[in-house]
Amino acid sequence: MLAAMTILSLYERFSFSILPCSLGVARDAILAQSAAWGKPLAVDRATVRDVRPIFDSPDGPAHPPAVRKAILLSEVVGPEGVKTLFVSSVADGYSSMVYTISGNLPGLHLSVQISRLSIEYPRNALTAIKSQEAVRVVYSMKDASSWEFFEKGRILPFEQIDFYKARRKRDRLTPEIIDRYISKLGYGTLDEVFWTSNEAAHLICDASFRLAEGCKPDMGSSEGNIKAAP
């Protein structure tokens, strides 16, 4: 099993993406795309890498549909240079945004979904996106009463395909396996401390998005139009 203090200790599901660019480039692409969709994100400020104000919000991933949206960006440095971690208030990790901006941001965008195996419909998945195309998909999920395992596309360098030969489909891609993959990549982690830290980050959201109470202060910017959750 995963160590006790992972992000799944706080939430039964968690999604994030690794974008192949700096935070500034990612921010500009997201703001431009939101405006192009006619849904500009009015709040744009520095903050810290703590997902709780978004995930504990009444507008967070546990409360679909995502009428109000928020995105948390944080820059990380790894073996391939600078990349940006993307977390959102949308239950699926805001896949439509990641797919769309991949058309303008060169490189491989990796989307990660993890969940506790004990919930009713768990899903653990990796999707690699390039130029608005899913070039690699692998997932293990429970649909109704049975588990399904699926994969397509060229295997990525960090994958260990022996995992996919496990007898039980639920064991072929688990949070533990995904944690190993992320560690090999060198960008991010599933540790709770990592996702609730004081490290620099950037918040982009709708003016009406209700951050959860007790959120950490921003890093020198005005709270603007962000509303506290009731």
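Structure: see above.
Residues numbered from 1 in each chain as written. Predicted model: local features only at pLDDT ≥ 70, side-chain atom pairs only at ≥ 80, totals over all residues. Heavy atoms only, no water.

### So, the overall build of the protein chain
At step 1: Looking only at helices and strands, the protein chain features five helices and 11 strands.
At step 2: For the protein chain, the C-alpha radius of gyration of 17 Å lies close to 17 Å, the compact-globule estimate for 230 residues.
At step 3: The C-alpha extent of the protein chain, read off along each of the three principal axes, is 55 × 35 × 30 Å.
At step 4: Of all 230 residues assigned to the protein chain, the portion counted as buried reaches 51%.
At step 5: Sequence-distant contacts in the protein chain: of pairs separated by 6 or more residues, those separated by 24 or more amount to 63%.
At step 6: Accessible surface for the protein chain amounts to roughly 10900 Å². Of this, 51% is attributable to carbon and sulfur atoms.
At step 7: The average position of the 27 basic charges and that of the 26 acidic charges among the side chains of the protein chain differ by 5 Å. (Helix = DSSP H or I, 4+ residues; strand = E, 2+ residues; numbered from the N terminus. Rg over C-alpha atoms; globule rule 2.2 N^0.38 Å. Buried < 20%, exposed > 50% of the residue type's maximum accessible area, 1.4 Å probe, protein only. Contact = heavy atoms within 4.5 Å. Areas by Shrake-Rupley, 256 points an atom, 1.4 Å probe, with all protein chains shown as cover. Lys, Arg positive; Asp, Glu negative; His and termini not counted. Charge placed at Lys NZ, Arg CZ, Asp CG, Glu CD.)

### Describing the pairing of strand β1 (residues 13–19)
At step 1: Counting buried positions along β1 gives six out of seven residues, so the element sits mostly inside the fold.
At step 2: Here six bridges tie β1 to strand β5 (residues 109–115), and the two strands are oriented antiparallel to one another. Of the residues in β5, the one forming a bridge with S15 is Q113.
At step 3: Sheet analysis places β1 next to strand β4 (residues 81–88), joined by three bridges and oriented antiparallel. Bridge assignment links S17 to a residue of β4, and that residue is F86. (Pairing = 2+ DSSP bridges.)

### Some thoughts on unusual backbone geometry
At step 1: A cis amide bond links P64 to the next residue, P65, at an omega of 0 degrees.
At step 2: Here P65 is to be found in the loop between α2 (52–55) and β3 (70–78).
At step 3: In the Ramachandran plot, S131 falls in the positive-phi region, its phi being about 50 degrees despite a non-glycine side chain.
At step 4: Turning to its location among the elements, S131 is positioned in the loop between β6 (123–130) and β7 (133–143).
At step 5: For S131, a relative accessible area of 53% gives the class exposed.
At step 6: Residue Q132 is not a glycine yet carries a positive backbone phi of 65 degrees.

### Some remarks on the side chain of S89
At step 1: Within the secondary structure, S89 is located in the loop between β4 and α3 (95–101).
At step 2: A relative accessible area of 1% means that S89 is categorised as buried.
At step 3: Polar side-chain contacts of S89 include one of 2.9 Å to the backbone nitrogen of A70. (Polar contact = N/O pair within 3.5 Å; in protein donor to acceptor, adjacent residues only side chain to side chain.)

### Observations concerning helix α4 (residues 175–185)
At step 1: All of the buried residues along α4 are P175, I177, I178, D179, Y181, I182 and L185.
At step 2: Where α4 is buried, its residues meet β1, β5 and β6.

### Quick notes on the nonpolar core
Proteins that are soluble and globular tend to have nonpolar side chains buried together.
At step 1: The biggest cluster of nonpolar side chains holds 41 residues, and the ones touching the most others in it are F14, F16, V51 and W195.
At step 2: In terms of residue count, α4 provides more of this core than any other element does, five residues in total.
At step 3: For V51, the residues in contact, after removing those within four places along its chain, are I7, Y11, F14, L72, V87 and W195.
At step 4: L23, A26, I71 and F86 belong to the second-largest nonpolar core, a separate cluster that totals 19 residues. (Core = buried A, V, L, I, M, F, W, Y, C linked by side-chain atoms within 4.5 Å.)

### So, the pattern of salt bridges
At step 1: In total, this model carries 11 salt bridges according to the counting rule given.
At step 2: Note that K165 is salt-bridged to D162, the shortest N-O span being 3.4 Å. Like K165, the residue D162 is exposed in the burial classification.
At step 3: Measuring nitrogen to oxygen at the nearest pair gives 3.9 Å for the salt bridge that ties R170 to D171.
At step 4: Taking the relative accessible area as the measure of exposure, R170 reaches 27% and is therefore partly exposed.
At step 5: What emerges from the salt-bridge pattern is a single network uniting R27, D28 and D44. (Salt bridge = Lys/Arg side-chain N within 4 Å of Asp/Glu carboxyl O.)

### Some points on the state of the cysteines
At step 1: A complete count under the given rule lists zero disulfides for this structure.
At step 2: Between C21, a cysteine without a disulfide, and C205, which holds the nearest cysteine sulfur, the sulfur-to-sulfur distance is 20 Å.
At step 3: You can call C205 buried: its relative accessible area is 0%. (Disulfide = S-S within 2.5 Å.)

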